[in-house]
Amino acid sequence: MSPSDRQPPVRAVVHAPMNQFPVHDGQLVVGGMALTRLADRVGQTPFYAYDRGLLRQRVAELRSALPSGIKLHYAMKANPMPAVVGFMAGLVDGIDVASAGELKVALDAGADPVEVSFAGPGKRDVELRQAAAAGVLINLESLREVDVLADIAARDGRGARVAVRVNPDFELKGSGMKMGGGPKQFGVDVEVVPQLLGRIAQAGLSFEGFHLFAGSQNLRADSICEAQRKSYELALRLAEAVPAPVKFLNLGGGFGIPYFPGEQRLDLAPIGDNLRAIQDRARSELPEASIVIELGRYFVGEAGVYVARVVDRKVSRGQVYLVTDGGLHHHLSASGNFGQVVRKNYPVTIGSKAGDGEREVASVVGPLCTPLDLLADRMDLPVADVGDLVVVYQSGAYGASASPQSFLGHPACVEVLV
Ligand SMILES: *Cc1c(COP(=O)(O)O)cnc(C)c1O
């Protein structure tokens, strides 16, 4: 065989290293506590645990990578647990909510209404009234929302604070979920924005800015930078017709975390440089504007684990199945049924045997009577037995609140902030 016939080496397709949780004496340590002890403290499995130290560290990393003056907002739909929202409220500059229910949690947590914004299609009249009364910034997503708020302003003399969520004429390339560009239920098409701005001025609402959210779960810094630049240009163009100066320019977020084999952590350095350049321009072009970045999973996703106990170990025609007390009903996304096209494994380990012991190929399943209830499909794992604790990493976002907990009548999971 001549050298030219040789195939290039195959890069092993593996998960990014999950080194955010240390291992001590063969146990994963979460929130400073060995996992079996934490399970005893919680008093039941399955549970989600979110690590305060990692949340704090993540916010600090972002603050040092991004220019000072960029406002960081937490999009709480990623993890609406009240204790998490309360903790995050003390670390970030604002909270983004997407329902009146989330608004309540954010306000209960002590978030400053000036720095709370409310986005989402189909805001009901009562939700708009609640948001206006709370004094939060309402990201308008339709002409109807302006009319409802105009009525409230006329009747109650309470002019709401509003921004316009723009459905841009471009997409965020490489996103797991696209939420802007083309026809969308989100925001107002850029072509319609001038008309909307006119109605805002007539209605006596307080215009404060623009919101652009192109997409979510993006691991490509260059795509994120491009979307931010285009969003800024678009906002600048639209700002020619605004009834009041732009105070908030929310450029979205979409920062992803590595879930699947082959994915790497996002490089923040180019995003920091890009935002610095945008901020420099904004100082003269939109002098009253604060630039806001809103992130959900990037803040909380890597700080959380889902923990379930092995209740049975079965071998079917040579394949090992670890049957646990947790599954799809608590963690829909790890089962592959929350938006994934092709099912892939989340990073998983046996947290009670996380040392250098023997390993085997095993599948981790839940107790539901459906083949969809799969947490790990033929993964290389530490050998586990009944009583051991399975850990699903990257579980701090879109976990408990995004799962059909009553499906099949198993007990609910518990969430702890440690
Ligand atoms: C869902 C959502 C977010 C959060 O997305 P992540 O991928 O969790 O960062 C932010 N902004 C808006 C408008 C959203 O709908």
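Please refer to the structure higher up on the page.
A brief look at the structure comes next. (Residues numbered from 1 in each chain as written. Predicted model: local features only at pLDDT ≥ 70, side-chain atom pairs only at ≥ 80, totals over all residues. Heavy atoms only, no water.)

Some thoughts on the sheet that holds strand S3 (residues 33–34)
We apply this condition: In this description, strands pair whenever DSSP reports at least two bridges between them. Helix numbering and strand numbering both begin at the N terminus, where a helix is a DSSP run of H or I of at least 4 residues and a strand a DSSP run of E of at least 2.
The antiparallel open sheet is built from three strands, whose spatial order is S1-S2-S3. Strands at the two margins of the open sheet, each flanked by one partner only, are strand S1 (23–24) and S3.

A word on the pairing of strand S8 (residues 137–140)
This is how it is decided: Accessible area is worked out with a 1.4 Å probe on protein chains only. A residue is then buried under 20% of its type maximum, exposed over 50%, and partly exposed in between. When the strands point away from the viewer, a crossover counts as right-handed if the path from the first strand over the helix to the second runs clockwise.
Going residue by residue along S8, you find Leu 137 and Asn 139 tucked away on one face and Ile 138 and Leu 140 tucked away on the opposite face as well. Of the pairings in the sheet, the one linking strand S7 (residues 116–118) to S8 comprises two bridges and is parallel in character. Paired with Ser 117 across the bridge in S8 is Leu 137. In this view, the connection linking S7 to its parallel neighbour S8 by way of helix H5 (residues 125–134) has right-handed handedness. Of the strand pairs in this sheet, S8 and strand S9 (residues 161–167) are connected by four bridges, and their pairing is parallel. Across the sheet, Leu 140 pairs through a bridge with Val 164, a residue of S9.

Some points on the site of the ligand
Basically, it comes down to this: Whether a residue is near a molecule or strand depends on its heavy atoms: it is near if one of them lies within 4 Å of it. We call two N or O atoms a polar contact when they sit within 3.5 Å, provided that within protein one can donate a hydrogen and the other can accept it, with sequence-adjacent residues counted only if both atoms are side-chain atoms. Put simply, Ala, Val, Leu, Ile, Met, Phe, Trp, Tyr, Cys and Pro go in the nonpolar bin, Asp, Glu, Lys and Arg in the charged bin, and everything else, Gly too, in the polar bin.
Near the ligand lie 13 residues; those nearest to it are Lys 77, Ser 216, Glu 294, Arg 297 and Tyr 398. In the environment of the ligand, an oxygen atom lies 2.5 Å from a nitrogen or oxygen atom belonging to the side chain of Ser 216. Glu 294 is positioned with one of its side-chain polar atoms (N or O) 2.6 Å from a nitrogen atom of the ligand. Taken together, the elements giving at least two residues each to the shell around the ligand come down to strand S13 (215–218) and strand S15 (290–295). Grouping the constituent residues of the shell around the ligand by class yields five nonpolar, four polar and four charged.

Brief notes about the nonpolar core
Our working rule: Put simply, a nonpolar core is a bunch of buried Ala, Val, Leu, Ile, Met, Phe, Trp, Tyr and Cys residues held in one set by side-chain atoms that sit within 4.5 Å of each other. Segmentation of the chain into domains, including their bounds, is taken from an automatic or database domain assignment. Here, two residues are considered to be in contact whenever any of their heavy atoms come within 4.5 Å of each other.
Ranked by internal contacts, the top residues of the largest apolar core, which has 129 residues, are Tyr 74, Leu 149, Ile 200, Phe 210, Phe 255 and Phe 299. No other element matches the eight residues that helix H8 (residues 221–238) contributes to this core. Of the residues that make up this core, three or more belong to each of domain 1 (16–49 + 302–417) and domain 2 (119–295). Apart from residues lying up to four places away in sequence, Leu 149 is in contact with Leu 128, Ala 132, Ile 138, Leu 140, Ala 160, Val 162 and Leu 205.

A word on the side chain of Thr 349
When you line up the elements, Thr 349 lands in strand S18 (residues 348–350). Not counting the four nearest positions on each side in its chain, Thr 349 is found in contact with Leu 381, Pro 382, Leu 389, Val 390, Val 391 and Tyr 393.

Some points on the packing of helix H6 (residues 143–156) against helix H7 (residues 193–203)
Put simply, the rule reads: Each axis is a line fitted through C-alpha atoms, and for a helix only the stretch in contact is used; angles between axes span 0 to 180 degrees, taken between their N-to-C directions. For classification, angles of less than 35 degrees are called roughly parallel, those exceeding 145 degrees roughly antiparallel, those between 65 and 115 degrees roughly perpendicular, and all remaining angles oblique.
Where H6 contacts H7, the two axes come as close as 10 Å, and the packing angle between them is 5 degrees. If you check the angle between H6 and H7, you find them roughly parallel. Here Leu 143, Val 146, Asp 147, Ala 150 and Ala 153 of H6 come into contact with H7, specifically with Gln 195, Leu 196, Arg 199, Ile 200 and Ala 203. When the residues that make up the contact of H6 with H7 are grouped by side-chain class, the tally is seven nonpolar, one polar and two charged.

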